[in-house]
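Each chain, written out:
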Amino acid sequence: MAVPDSDEIDWPMAMEQCGDDEEFLRELLSDLRHEVDTQWHKIDAAVEKAEGISFMDIKRAAHVIKGASSNLMCEPLRTAAADLEKAASKGYDAHKIKSKSERTEDIDLDPEWKNVKELVPILRKANVNYHDFLKSIDV
């Protein structure tokens, strides 16, 4: 098969990661799709709750997406997940400080939620693009 021309994956590097076994790479790409979809359910549920502890759920889910997409050279997905993970981590740190503070009114989590909520659509778009890429190569 010809090397797919896509910004969603560095195909030659991904093939190298898989020992130049295209069938195996395609299987892993399909597995990644399912893993990302599973993590999306967790992110959506956590964002809907929008509680301080939800930052940790988002951080964990984004971390899984980041790691799995990194292994398969899917840079846009990895970058978007890394950005969301970082924002959720910052939010969780603020939540921990707030939960230990006697003056909880002094610690506002709204800016942290705003940042996370701005990054979720970016990761969602990267995921849609990834799904579209997989369809384009019949995976």
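Remember, predicted model here, so these are calculated numbers, not experimental data.

A.B. asks: Which parts of the structure should I look at to understand the environment of Ile 58?
C.D. replies: Relative to the helices and strands, Ile 58 is located in helix α3 (residues 54–71). For Ile 58, a relative accessible area of 0% gives the class buried. With residues near it in sequence (within four places) discarded, Ile 58 still touches Ile 43, Ala 46, Val 47, Leu 84, Ala 88, Trp 113 and Val 116.

A.B. asks: Is there a simple way to think about the nonpolar core in this case?
C.D. replies: Membership of the largest hydrophobic core comes to 38 residues, with the highest contact counts inside it found for Leu 29, Ile 43, Leu 77, Leu 84, Val 116 and Leu 123. Of all the secondary structure elements, the ones that give two or more residues to this core are α1 (11–17), α2 (22–49), α3, α4 (75–100) and α5 (110–136). Among the elements that line this core, the one with the most residues is α5, at nine residues.

A.B. asks: Can you walk me through α5 in this structure?
C.D. replies: An α-helix turns once every 3.6 residues. As a result, residues three or four positions apart point the same way. Here α5 contains 27 residues, and its C-alpha end-to-end distance of 40 Å stays within 8% of the 39 Å for a straight helix at 1.5 Å per residue. All of the buried residues in α5 are Glu 112, Trp 113, Val 116, Leu 119, Val 120, Leu 123, Ala 126, Asn 127, Tyr 130, His 131, Phe 133 and Leu 134. Asp 138 sits one or two residues past α5 and shows a positive phi near 60°.

A.B. asks: How do you make sense of unusual backbone geometry when you look at a structure like this?
C.D. replies: The phi angle of most residues is negative, glycine excepted, and most peptide bonds adopt the trans form. Non-glycine residue Asp 20 carries a positive phi angle of around 60°. The residue Asp 20 is located in the loop between α1 and α2 in this model. Although it is not a glycine, Asp 138 adopts a positive phi angle of roughly 60°. As for its position among the elements, Asp 138 is in the segment after α5. Under the relative-accessibility criterion, Asp 138 is labelled exposed at 70%.

A.B. asks: Help me understand a negative patch on the surface, please; the structure alone is not making it clear to me.
C.D. replies: The grouping of Glu 16, Asp 20, Asp 21, Glu 23, Glu 27 and Asp 31 at the surface amounts to a negative patch. At three residues, the largest contribution of residues to the negative patch is made by α2. Along the chain, Glu 16 turns up in helix α1. Given a relative accessible area of 54%, Glu 16 falls into the exposed group.

Rules of the game
- Residues numbered from 1 in each chain as written.
- Predicted model: local features only at pLDDT ≥ 70, side-chain atom pairs only at ≥ 80, totals over all residues.
- Heavy atoms only, no water.
- Helix = DSSP H or I, 4+ residues; strand = E, 2+ residues; numbered from the N terminus.
- Buried < 20%, exposed > 50% of the residue type's maximum accessible area, 1.4 Å probe, protein only.
- Contact = heavy atoms within 4.5 Å.
- Core = buried A, V, L, I, M, F, W, Y, C linked by side-chain atoms within 4.5 Å.
- Expected span 1.5 Å × (residues − 1).
- Patch = residues over 30% accessible without salt bridge, like charges linked within 9 Å, V, L, I, M, F, W, Y side chains within 5 Å.
- Areas by Shrake-Rupley, 256 points an atom, 1.4 Å probe, with all protein chains shown as cover.
- Salt bridge = Lys/Arg side-chain N within 4 Å of Asp/Glu carboxyl O.
- Lys, Arg positive; Asp, Glu negative; His and termini not counted.
- Charge placed at Lys NZ, Arg CZ, Asp CG, Glu CD.

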